[in-house]
Each structure stands twice: as structure tokens, then as C-alpha cells.
Amino acid sequence: MDITNQPVVPLLRLYVAGATSRSTRAITTVRRLCERYMPGRYRLEVIDVYQQPDRAREDHIIATPTLLVVEPGPPTAFIGELRSSDWPRVAAALNILTDDD
Amino acid sequence: MELPAAITNLPKAPTGIRGLDDITGGGLPRGRPTLICGGPGCGKTLLAFETLARGAALYGEPGIFVSFEESPADLRINVANLAIDVADLEQRGLLLIEQISLDQGEVAEVGEYDLEGLFIRLGLLIDRIGAQRIVLDTIETLFSAFGNQNILRGELQRLFRWLRQRGLTAIITAERSGQGLSRFGIEEFVADCVILLDYRITEHVLTRYARIVKYRGSSHGVNEYPFTIGPRGITMLPITSFGLRYPVSAERISSGFPDLDQLLDGGGYYRGSTILVSGPTGSGKTSLGALFVAAACARGEPAIFFAFEESADQIARNLRSIGIDLQPWRDRGLLQIISSRPSLAGLETHLITLLEVVEQSGARAVVIDPITGFHTISRPVDITTMLFRLFDGLKSLGVTTLATSLTNAGADPAQSEVNISSLVDTWIVLRNHEANGERNRSLLVLKSRGMRHSNQVRELVMDANGLRLVDIYAAGETVLVGAARIAEQERLRHEYELRERETIQRQRRYALQQRLLSLQIEALQAELAALTDEMNADAALSEARAQAQIQSRLATSRYRDSTQEGSDGR
């Protein structure tokens, strides 16, 4: 089996801190982004640092919100609330060609 | 201006670092953040770690070390020689070393964010061990991991507020660069206490300094305080912290040289005092030092001889030639001869090492031979400062210290040491006298506080039998020593004998004259007596004659009367 043809289901982790409006906004934005670029074909973990500090530690997270694009590699961290103008950069990290460009 | 007591008595968290607590008047502000800044390699991390570890070990205050850079494994290696059992503290839940890595590979900053994640993680660590102290090392790493300086500054300000609210004694380390104290002006947020670390290299020797730039609500030492990083961690030497508070002893201890003890009011040095022996090369300084430590050892007191010019064996051998054997004391472990080159370390390092060795060994008598060895590595003003602190430090330990000082031949020893003369209690000046093709030594007790000491110059005689002092002969302006003294002594004895003989002869002459006169008096008296007899005899004869004449005249007239009566009256 050719490994390059094996489609990788993208893995994203969104770290937020507590149920703040900033967290809610970040989650909504990232969900919209995923649905836009990879409808139904992605894995998104939303991690609250309060709930799972060990996960934050493993991923070296101290700023929130932070979106980690884990797969496909190399891993990339997007720190801060995503603006729509930032979306193509996330898409690039996901190896997705967009028609936005 | 006097600070109100309430503010001066700001609660403090002792660092447990030797000297630092003296300078800060008890430690860092308790429950508040302190900033330690300095360039790379100046000891920030070590100072922060030691405060944390000693706080845990000595004061039972649990602490967290948060490293943004170094791994805990690296850190443990770097602090391995602090004489603190880090692993034990960690096991007992008194110390927690946590690395907060900021390495996230590819990073893009896209919008607004905060450091809540950091707060949460720190909060959990703090709760886990009930931390009272925390170190964040170094803050610049945070800045370099994030691009948006505005957000970061706001978040750091919030972090410091949060640390205060949690009542943590916090140490934040910061890189120093350029003009400001820290690269990002963090000192503006951490206003309570700012300590600046620095080092300078002079004559290829490194010396570290610490200075308290700011300590809100507390008085503190304002000088630059040198410190060393030694086998027992950081040692800082406060210039004035001893503050002349050491106990004064009235006990007298022998100088190890009975003749010298005689000059010192018969009792020797005061215990805990500082003695300076100055003189040119070969005038006997080292010997006086050796006698002093030997006497201490003989009393059963540990002693240390710091030799900055000769090796231990060289000293032992040289002293054996004048009958001083230090070997038995070395064998018994009472005497240490520690030899090192002044140029091997900086002045401060020498100073601190010296004090540390003395304190650890419990030595009661210390010789430093010579203190002038440091002139090769430092400026005179620094040496004076160092000696001031050294003597002060030794005094506070109750140690009696004899320091030797090399003076240039020709220079007036009383002049050249004027800088440190006020530091010493007893000052002995040795001189060489060169005349008539030989060299001899003299000794003078220039001063000795608190005792009536001799003001006489004595000749110091050294030979295989040891040392002794002999009265000196002065001929006019010149002091006579050695062969000249002996010659003078001989001359004086001859003169004396001569005078003695003359006296006897004169006495005899007088006695003779006396007898002659007595005889004359006898003769005259005899003559006088004869004359008196003659005179008396003559007087008696004349009397007799006069009587006889009267008798005869009477008889004649009686005859004539009788014949005239018969013819006329019948």
C-alpha cells in the first residue's frame, strides 16, 4: 500500500481556558474553519486547560486560545483568536489548497 | 530620613544565602515579587535557586522552580555543588522543579490571546506542594516566545499581581542588556525589590558583584557587594554588616615568643585581635607568624597559616632552620598550612574562601603571610577594602589574626601601611639594619591597643636556637646591632673596667693622704702637748721665783725693824 496515497484525517487541538466568551468565540471560529475546508473529514479536540492541564503541559501551551495543527505534520501552533484573514495560513498548515488565494 | 517602624518591619523571607540576608536586612520581601537581573553567566539562576532551596531546607517553605529554558536535569547538574540535597527536598515535597517549555515548533500569532494557560499551570503547581516561594527563570524567554509585546506586558503585569494576591515570595530573573536593568523594562512591574548582578574582569580575574537597586519600604545596603560562587553556593560579603559588633575579649594569648610577650605588657596579644607585622624581606615576619600558630597549637587550638608566597613545605623547612618545628602540629591536624598564589583567584574569591576555610575549620589563630601579596592582582584601594572586611570577618569569628606585610626596603614602614593601620590592634614593625658588612634585625611594637607596651626598639636575634630580643645600643643617632652592638658592648666594658681601676687608685691615694694628715695631726698634737707642758712648767717656775723673792724681801725688812727698836725705845 502506498503510504502517500493513504489519506490522513487532519487532527487539530484547540486549547482554551475556561468558559469565557473568548473561548466560545475561538471554538465557533475553528469549527467554522474546519467545516469550510474539510467538511466532515477532520478530528478536532477542544481542550480546556483548567480541565486537562497535563495535556497543556505536553503540548507546551501557556497562551490561550491556541490552535495546534497536529496532523498532517509538521505541527504548527496558531496563537490567538483567528481572524478570517488568518484562515488561509491554517489551511496551508493542513496542506489544503484553497480557492481563496 | 528615618523610616517608620511599621514599614521598616516589612515581613521578609530569608534567603539563607550567606551575606545577602545581612544586606537586605533579613531577606527578600515576603509575599512579593523580586526581580534579579544581570547579564548572561552572572549567577541569576543560581541565586534564585539557592534562595528557593535554602528556603525549603532551612525554613521549611516549599518552593517551585519554573524554568522556561533549562531542563530540570540540566538544572540539577548546575546546582549539584550547592551542598543541598535537592533530591531529598523534592521527595519531601518541599521543592518542585518544573520546566515550562515554550517550544511549539512552528508558531504563528494570529490574534488576541492571553497567558491564562500559564496561570492555570502555575496555580496547579503551587497548590500541589503548597508553595510559598516561586522562581520564574528567565522572563526574557517568555518575551522571545511571543511576538505581541503589548499583550505580553499586560499579561506579565497581571502575573505579578496574581503572584502577590497568592502571597508568594517570587523571584523573577531577567536578562540585562544595554542601559536599562532588563531588556523589556520589567522592573517597572516588579517594584518591590530589584537586585542587580554583575561581574567584572580585572587583571584576568573575575569578580562578581551584587547591588540592591531598589527595595521598597525597607532600608538596605546600597553598595556593590562582591560575591563568590563557591563549593557551598553563593557567599556575599557585606562591607559593613559586621558593624563592629563583635565581642571584645580581655583574654591574653602568647605570641609564642616570650621576649615579645614581655614587650606587650608581659601578656602577649589580646584574643580576637588583629596583629600586623610589617617589615622588609627577611626581617623575620614569617617567623613571628609561625611562632604564633605554634603557640596556638600548643594550647590545643586549631590554627591556619595562609601562605601566599611560599609552599607549605618550604615554610616548614625554613622555620626548622631557626628551631621552629611545625611538623608535629601538622601531623596532629591542628595546623593547616594553606599555600596559594594570589593570582590564582580574584581578591574577593580569596577573601571569601579564606573566611570560609577559617569558619569551617574552627581555627582560633590565623596567619596571613603576606597580605601584600595581593598587590599583584588588585588596586590598593580595593585591597584596603578587602582587608577591612577580612579583619572584620575574622574578628566576628573571634579569631586572632596575624597578618604580615612586606614593606619596601628604605620606605618608612609606618608610612606605607597608613591605610590599614586603623584596622589593626597591634602593630609590630621589623627593620633590617645594614652596616659594617652585615645585616641585622630590629623589632619595635609600634602600637598595641589596650595595653602598656614597650616603646623600645630591640634587636631581633635569630639563630638555630630560635628567636630572642636583646637590648639595643644607640650611639648618637645610630642604632647599633649585630657585630657593631657587640663591639660597642666590649668598648663599654673596657671603659668601665678602666674607670673602676682608676677609682680604686684614687681611693688609695686619698687614704694615704688621710693617713699622712692623721700622722701630722698626731705629731702636732704631741708638739702642742709638749708646748703646753713647757708653758705650764715655765709658769710654775716663775711663780715659785716670785714667791721666793717676796719671802726674802720680807725677811730683810723684819731684821731691820728689830734693830731700830732696841736702840730707840729702851
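An unreviewed UniProt entry annotates chain A as Circadian clock protein KaiB of Chloroflexus islandicus.

All names here are of chain B. On the secondary structure map, Glu356 appears in helix H13 (residues 347-361). According to the relative accessible area criterion, Glu356 is buried, its value standing at 7%. A polar contact of 3.0 Å, which involves the side chain of Glu356, links it to the side chain of Thr235. Those residues in contact with Glu356 that lie beyond four places of it in its chain are Arg18, Pro231, Arg232 and Thr235.

Attention shifts here to the interface of chain A and chain B. Between chain A and chain B, the residue contacts involve 25 residues of the former and 24 residues of the latter. A buried area of about 2,200 Å², summed over both sides, lies between chain A and chain B, and 56% of it is on carbon and sulfur atoms. Looking only at chain A, the three residues that lose the most surface to chain B are A:His60, A:Ile62 and A:Ile79, adding up to 35% of its buried area. Taken together, the connections running from chain A to chain B amount to three salt bridges.

On to the packing of aromatic side chains, then. Per the counting criterion, the structure on display carries five aromatic pairs over all chains. Judged by centre distance (6.4 Å) and plane angle (65 degrees), the ring pair of A:Tyr37 and A:Trp87 falls under edge-to-face. Residue A:Tyr37 is found in helix H1 (residues 21-37), and its partner A:Trp87 is found in helix H3 (residues 87-93); the two are separated by 50 residues along the sequence. Across the pair, A:Trp87 and A:Tyr37 agree in class, each one buried. In this structure, B:Arg158 is placed above the aromatic ring of B:Phe119, and the distance from its NZ or CZ to the ring centre is 4.2 Å. Over the aromatic face of B:Tyr209 sits the side chain of B:Arg200, whose NZ or CZ is 4.1 Å from the ring centroid.

All names here are of chain B. Between its terminal C-alpha atoms helix H3 (residues 44-59) stretches 21 Å, which fits the 22 Å expected from 16 residues at 1.5 Å a residue. Among the residues of H3, those classed as buried are Lys44, Leu46, Leu47, Ala48, Phe49, Glu50, Thr51, Leu52, Ala53, Arg54, Gly55 and Ala56. Gly60 lies just past H3 and shows a positive phi near 65 degrees.

We now examine the sheet that holds strand E17 (residues 335-339) of chain B. All names here are of chain B. As summarised here, the arrangement of the nine strands in space is E17-E16-E18-E19-E15-E20-E21-E22-E23, forming an open sheet in which the pairing is mixed. The open sheet has two free edges, formed respectively by E17 and strand E23 (466-471), since each of these has just one partner strand. Within this sheet the neighbouring strands show an average axis-to-axis angle of 20 degrees, counted without direction. In the sheet, strand E16 (residues 303-307) pairs with strand E18 (residues 365-369) via five bridges, with the strands oriented parallel. Pairing of Phe306 across the sheet is with Ile368, part of E18. Sheet strands touched by helix H10 (residues 285-298): strand E15 (274-279), E16, E17, E18, strand E19 (400-406), strand E20 (426-435), strand E21 (438-448), strand E22 (458-463) and E23. Its angle to E16, the strand with the most contacts, is close to 160 degrees.

This part covers the environment of B:Ala57. For B:Ala57, the position within the fold is in helix H3. Residues B:Ala57 and B:Asp85, 28 residues apart in the sequence, show an inter-C-alpha distance of 8.7 Å.

Okay, the pairing of E20(B) next. Residue and element names in this part refer to chain B. Direction of pairing for E15 relative to E20: parallel, over a ladder of four bridges. In the strand pairing of E20, Ile275 is matched with Thr426. Bridge count between E20 and E21: 10 bridges; the pairing is antiparallel. Following the sheet pairing, Trp427 is matched in E21 by Lys447. A loop of two residues connects E20 with E21, the two strands running antiparallel in sequence, and Asn436 in this loop sits at a positive phi of about 55 degrees.

Spatially, five strands are ordered E2(A)-E1(A)-E3(A)-E4(A)-E6(B) in an open sheet, and the strand pairing comes out mixed. The two strands at the open ends of the sheet, each matched to only one other strand, are strand E2 (43-48) of chain A together with strand E6 (106-109) of chain B. Taking each pair of neighbouring strands and ignoring which way they run, the sheet shows an average axis angle of 20 degrees. Packing against the sheet, H1(A) makes contact with strand E1 (11-16), E2 and strand E3 (66-71) of chain A, and its axis sits at approximately 165 degrees to E1(A).

Rules and cut-offs
Residues numbered from 1 in each chain as written. Chains lettered and ligands numbered in written order. Predicted model: local features only at pLDDT ≥ 70, side-chain atom pairs only at ≥ 80, totals over all residues. Heavy atoms only, no water. Helix = DSSP H or I, 4+ residues; strand = E, 2+ residues; numbered from the N terminus. Buried < 20%, exposed > 50% of the residue type's maximum accessible area, 1.4 Å probe, protein only. Polar contact = N/O pair within 3.5 Å; in protein donor to acceptor, adjacent residues only side chain to side chain. Contact = heavy atoms within 4.5 Å. Buried area = accessible area lost by both parts, 1.4 Å probe. Salt bridge = Lys/Arg side-chain N within 4 Å of Asp/Glu carboxyl O. Phe/Tyr/Trp six-rings, centres within 6.5 Å; stacked < 30°, edge-to-face > 60°. Lys NZ or Arg CZ within 6 Å of the ring centre and 35° of its normal. Expected span 1.5 Å × (residues − 1). Pairing = 2+ DSSP bridges. Axes fitted to C-alpha atoms, helices over the stretch in contact; angles between N-to-C directions.

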